[in-house]
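Now for the letters of each chain:
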Amino acid sequence: MNIGQIITEQDYAVDPADRIASILDKMAEFRLTRLPVVKDGVFLGLVSDEVLTEYPQADDNLQQAAVSYQQVYVYGTQHIYDGVLFFHIHPISLMPVIDNQHGYLGAVTPLQLADALSRTMSLQQPGAIIVLEMGQRDNALSHIAHIVESDNAQILNSYVRSFSDSSRLEVTIKVNKLEISSIVATLLRYDYQVKATYNDENSHDNTHDRYEQLMNYINM
């Protein structure tokens, strides 16, 4: 999924001919500190409330104020993962999206990006999560996938986390079933280190059993 597919229908753009006072009102309405400036369909940059509030003549238009624009944006053809990086680097709440000719396509909010990620990563689908730790040379996703598929399951998504101070990797997979005891057993048999499991039916059952045993002991 690319960023161009998740652009909001909301119109956040302002024109250089707009009055500074009206732009500040629009920022207040949307609770944003920056808005995209667009002229004849071309993205000129982001204008900030800090710059506008310092300008003494609120009735002047943006062009008269001759303020500087912030040149941050993404292309509509970029993957939504690039959007995550954008919001990580830039402490703003709106991501302008442009085409290869610098034409303004629209904008994306962090909430829209999070929703797109949840759909892309199958977060809304039920399933258990397995967290593995292994050496970088042992990271064979094809072998892990084979283990999962041999149990009549499929990997819905996976991601790898590396550590700067270690040669170890943390591999997280989500599978399309909740009963994963046999998958975990097979992973252990092949010497994979299982750090944690989540949404595992057996895990919940074991917790419930331990709770019942504790209550029985207390009531003795």
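Structure's up top.
Summarised in this report is the structure supplied together with it.

Even without being a glycine, R31 presents a positive backbone phi close to 55 degrees. Positionally, R31 belongs in the loop between α1 (20–30) and β1 (34–39). Although it is not a glycine, H102 sits at a positive phi angle of roughly 70 degrees. Note that H102 resides in the loop between β4 (95–98) and β5 (104–108).

Our focus in this paragraph is the side chain of E170. Note that E170 resides in strand β8 (residues 168–175). By relative accessible area, which is 11% here, E170 ends up buried. One polar contact links E170 to K195, side chain to side chain, over a distance of 2.8 Å. Each residue touching E170, except ones within four places of it in the same chain, is listed here: V131, L132, Y159, V160, R161, F163 and K195.

Glancing now at the packing of helix α4 (residues 80–89) against helix α5 (residues 110–120). Contact pair α4 / α5: the axes reach a minimum separation of 10 Å and the direction vectors enclose 140 degrees. Taken together, the axes of α4 and α5 lie oblique to each other. With respect to the hand of their crossing, α4 and α5 are arranged in left-handed fashion. Where α4 abuts α5, its residues I80, Y81, G83, V84 and F87 lie against P110, L113, A116, L117 and T120. In the contact of α4 with α5, the residues fall into 8 nonpolar, 2 polar and no charged.

On to the nonpolar core. By size, the foremost hydrophobic cluster in this structure holds 35 residues, and its most contacted members are V47 and L62. Looking at this core, the elements that each hand over two or more residues are α1, β1, β2 (42–48), α3 (62–65), α4, β4, β5 and α5. Not counting residues within four places of it along the chain, the set of residues in contact with L62 comprises V14, D15, P16, D18, I20, I23, V37, V47, L52, V67 and Y69. Grouped together as the second largest cluster of nonpolar side chains are 16 residues, M134, I144, V175 and Y192 included.

With that settled, consider the pattern of salt bridges. Going through the model one piece at a time under the given rule, you end up with 7 salt bridges. In this structure, the salt-bridge partner of R168 is E133, at a minimum N-O distance of 3.4 Å. Taken together, the residues span a long stretch of sequence, with R168 in strand β8 and E133 in strand β6 (residues 128–135) at a distance of 35 residues. Here K195 and E133 are joined by a salt bridge, their closest N and O atoms 3.6 Å apart. Here K195 is found in strand β9 (residues 193–198), whereas its partner E133 is found in strand β6, with 62 residues between them in sequence. When salt bridges with common partners are traced through the structure, they connect E133, R161, R168, E170 and K195 into a single cluster.

Extensive coverage of β2 is indicated by the burial of 5 of its 7 residues. Bridge count between β1 and β2: 6 bridges; the pairing is antiparallel. Looking at β2, one finds that V37 is bridged to G45.

Right, let's talk about the side chain of S118 for a bit. In this structure, S118 sits in helix α5. Residue classification places S118 among the buried residues on the basis of a relative accessible area of 13%.

This paragraph deals with the sheet that holds strand β7 (residues 155–162). The 4 strands are arranged β7-β8-β6-β9 in an open sheet whose pairing can be described as antiparallel. Lying at the two open borders of the sheet, with one neighbouring strand each, are β7 and β9. On average, adjacent strands in this sheet sit at an angle of 20 degrees to one another, irrespective of strand direction.

Another point: the sheet that holds strand β3 (residues 74–75). Strand order in the open sheet made by the 3 strands is β3-β4-β5, with mixed pairing throughout. If you trace the sheet from one side to the other, it starts and ends with β3 and β5, each paired once. By the bridge criterion, 2 bridges tie β3 to β4 in an arrangement that is parallel. When the bridges of β4 are listed, Y75 appears paired with I98. The strands touched by α4 within the sheet are β3, β4 and β5, with β4 carrying the most contacts at an inclination of about 135 degrees.

About the criteria used
- Residues numbered from 1 in each chain as written.
- Predicted model: local features only at pLDDT ≥ 70, side-chain atom pairs only at ≥ 80, totals over all residues.
- Heavy atoms only, no water.
- Helix = DSSP H or I, 4+ residues; strand = E, 2+ residues; numbered from the N terminus.
- Buried < 20%, exposed > 50% of the residue type's maximum accessible area, 1.4 Å probe, protein only.
- Polar contact = N/O pair within 3.5 Å; in protein donor to acceptor, adjacent residues only side chain to side chain.
- Contact = heavy atoms within 4.5 Å.
- Axes fitted to C-alpha atoms, helices over the stretch in contact; angles between N-to-C directions.
- Parallel < 35°, antiparallel > 145°, perpendicular 65-115°, else oblique.
- Left-handed = near helix turned anticlockwise from the far one by under 90°.
- Nonpolar A, V, L, I, M, F, W, Y, C, P; charged D, E, K, R; others polar.
- Core = buried A, V, L, I, M, F, W, Y, C linked by side-chain atoms within 4.5 Å.
- Salt bridge = Lys/Arg side-chain N within 4 Å of Asp/Glu carboxyl O.
- Pairing = 2+ DSSP bridges.

Shape descriptors only; they carry no functional weight alone.
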